[in-house]
Amino acid sequence: MGEMEQMKKEADGLKTQIEAARKAVADTTMSAASAAVAPAPRVQLKTRRTLKGHLAKIYAMHWATDSRLMVSASQDGKLLIWDSHSGNKINAVPLKSSWVMTCSYAPSGNLVASGGLDNMCTVYNLKTPVVKTVKELDAHTGYLACCRFLSDSEILTASGDTTCALWDIESGKQKTVFLNHVGDCMCLSLSPDMNTFISGACDSLAKLWDVRDGTCKQTFQGHTSDVNAISFFHNGNTVITGSDDCTCKMFDLRADQEVISYQDAQLNAGVTSLALSVSGRLMFAGYDDFNCNIWDTLKGEKVGVLSGHDNRVSCTGVPPDGMCVCTGSWDSFLKIWN
Amino acid sequence: MDEMDLPQMKKEVESLKYQLAFKREKSSKTVTDLVKWIEEVVPEDPFLNPELMKNNPWVEKGKCIIL
């Protein structure tokens, strides 16, 4: 047997062992564990603000840590910084490349970042009299699908070149590269303690990584298509993913497996984005069919829907104080709901 | 896996060995812990605790303002 054949056999054997190890600890279901919990009430939210200003499809949005400001990115070639309370635009950042796919607000509020088909992550300083480009982080060989700041000096990126990377912003260099996905990386979420992050990719897998040493610690399978959205629960032990296979799934990190799937026979649209309420009991998932469905994460039931956009909901976000949910759409508008 | 070359395949095997070694906990403990955690935080969740949503920054407080 050639060495390649041997390696493949060994890999398959290991995957079988991992599945067996998962089965061995699967001694309950979410259904059983949440049986005594009352179902979440029906959630009916009102649009409190419609933020108008972008001239083309919105691809991404991200809340600032003050739960008031937010950044949005559109293929009209702009990042807009909004005061969500008043609905006013605080800043407009013109982008060198209009093919933007992601944006992020630094926890400090000083910086924002964006990137897309230019394969770069560009970091901007919002606190200088005129918004200035701090750095262009250029090393990915594929599009930038997602970026998240750890601090003003470090940022994580997920790329269509199948890698994720941790960058030192000042030097503009990659400190760590995360190699293991075999499909375009589409999304990432940092754990609350910032020691790990989880990524979702077009190989239909989610992977948990050690931020510092670059190792892939765990791999979560179950989806049958691209994983477009991913988010950690605030407990740091649970993750929810959203996929082109029209389902969302909850993965338990400690048991190393899927514990419940959020799907509906009538739902035939891919999941583009998702956000969790502060307790994680409610999940807001954006779909290709222009809606955002609200799920009871413990019972696996739909408890509400946000209808109002005239095109695909491309991004959703709940601010740190949990007081609302924001949806962004290809119809060029952002809506604040609660 | 079909697209990998030999060095990549060797790395994949190493990674799988590492991932296999992970100390999995019983879901009867972990899922129960999760349900308990969520229940504990629900009172702090504005979407599920109407008291917290009373201070809604997007809703005008009174009907009239004194100029």
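In the annotation of an unreviewed UniProt entry, the entry for chain B reads Guanine nucleotide-binding protein subunit gamma, and the organism field reads Denticeps clupeoides. The UniProt entry for chain B carries the following comment under Function (unreviewed entry): "Guanine nucleotide-binding proteins (G proteins) are involved as a modulator or transducer in various transmembrane signaling systems. The beta and gamma chains are required for the GTPase activity, for replacement of GDP by GTP, and for G protein-effector interaction." As stated in UniProt under Subcellular location (unreviewed entry), the record for chain B gives "Cell membrane".

For chain A, an unreviewed UniProt entry supplies the name Guanine nucleotide-binding protein G(I)/G(S)/G(T) subunit beta-3-like and the organism Denticeps clupeoides. UniProt annotates chain A under Sequence similarities (unreviewed entry) with the comment "Belongs to the WD repeat G protein beta family."

Draft legend 1. The arrangement of helix α2 (residues 27-41) of chain B in detail. Between its terminal C-alpha atoms α2(B) stretches 21 Å, which fits the 21 Å expected from 15 residues at 1.5 Å a residue. Taken together, the buried positions of α2(B) are occupied by Ser27(B), Thr30(B), Val31(B), Leu34(B), Val35(B), Ile38(B) and Val41(B). Taken end-on, α2(B) shows its buried residues confined to a sector of 140°, consistent with a single buried face. Away from the buried face of α2(B) by more than 90 degrees, exposed residues Lys36(B) and Glu40(B) are located. Along its buried surface, α2(B) packs onto α1 (3-25), α2 (30-33), β19 (238-243), β20 (248-252) and β21 (257-262) of chain A.

Draft legend 2. Local environment of helix α1 (residues 6-20) of chain B. When the terminal C-alpha atoms of α1(B) are compared, their 21 Å separation across 15 residues agrees well with the 21 Å that a helix rising 1.5 Å per residue should span. Those residues of α1(B) not exposed but buried are Met9(B), Glu12(B), Val13(B), Ser15(B), Leu16(B) and Gln19(B). Burial along α1(B) is one-sided: seen end-on, the buried residues are contained in an arc of 165°. Pointing more than 90 degrees away from the buried face of α1(B) are the exposed residues Pro7(B) and Lys11(B). Residues of α1(B) that are buried make contact with α1 and β17 (216-220) of chain A.

Draft legend 3. Summary view of the pairing of strand β24 (residues 292-296) of chain A. Residue and element names in this part refer to chain A. Counting buried positions over the five residues of β24 gives five, a clear majority of the element. Along β24, one buried face is formed by Cys292, Ile294 and Asp296 and the opposite face, lined by Asn293 and Trp295, is buried too. Alignment of strand β23 (residues 282-287) against β24, held across five bridges, turns out to be antiparallel. Following the sheet pairing, Gly286 is matched in β24 by Cys292. Remark: four residues form the turn of the hairpin made by β23 and β24, two consecutive strands paired antiparallel; Phe290 in that turn has positive phi of roughly 80°. In this sheet, strand β25 (residues 301-306) lies alongside β24 in antiparallel orientation, the contact comprising five bridges. When the sheet's bridge partners are listed, Trp295 is paired in β25 with Lys302. The hairpin formed by β24 and β25 contains four residues between the paired strands, and Gly300 there has a positive phi angle of roughly 75°.

Draft legend 4. Structural context of the side chain of Gln257(A). All names here are of chain A. With respect to the helices, strands and loops of the structure, Gln257 is situated in strand β21. Gln257 gets classed as buried once you look at its relative accessible area, which sits at 14%. A polar atom in the side chain of Gln257 sits 3.0 Å from the backbone oxygen of Ala255. Leave out the neighbours within four places in its chain, and Gln257 touches Arg22, Val25, Ala26, Phe220, Met250, Phe251 and Asp252.

Calculation rules
- Residues numbered from 1 in each chain as written.
- Chains lettered and ligands numbered in written order.
- Predicted model: local features only at pLDDT ≥ 70, side-chain atom pairs only at ≥ 80, totals over all residues.
- Heavy atoms only, no water.
- UniProt positions renumbered as here; feature names shortened; annotations may be inferred.
- Helix = DSSP H or I, 4+ residues; strand = E, 2+ residues; numbered from the N terminus.
- Expected span 1.5 Å × (residues − 1).
- Buried < 20%, exposed > 50% of the residue type's maximum accessible area, 1.4 Å probe, protein only.
- Arc of directions from axis to C-beta.
- Contact = heavy atoms within 4.5 Å.
- Pairing = 2+ DSSP bridges.
- Polar contact = N/O pair within 3.5 Å; in protein donor to acceptor, adjacent residues only side chain to side chain.

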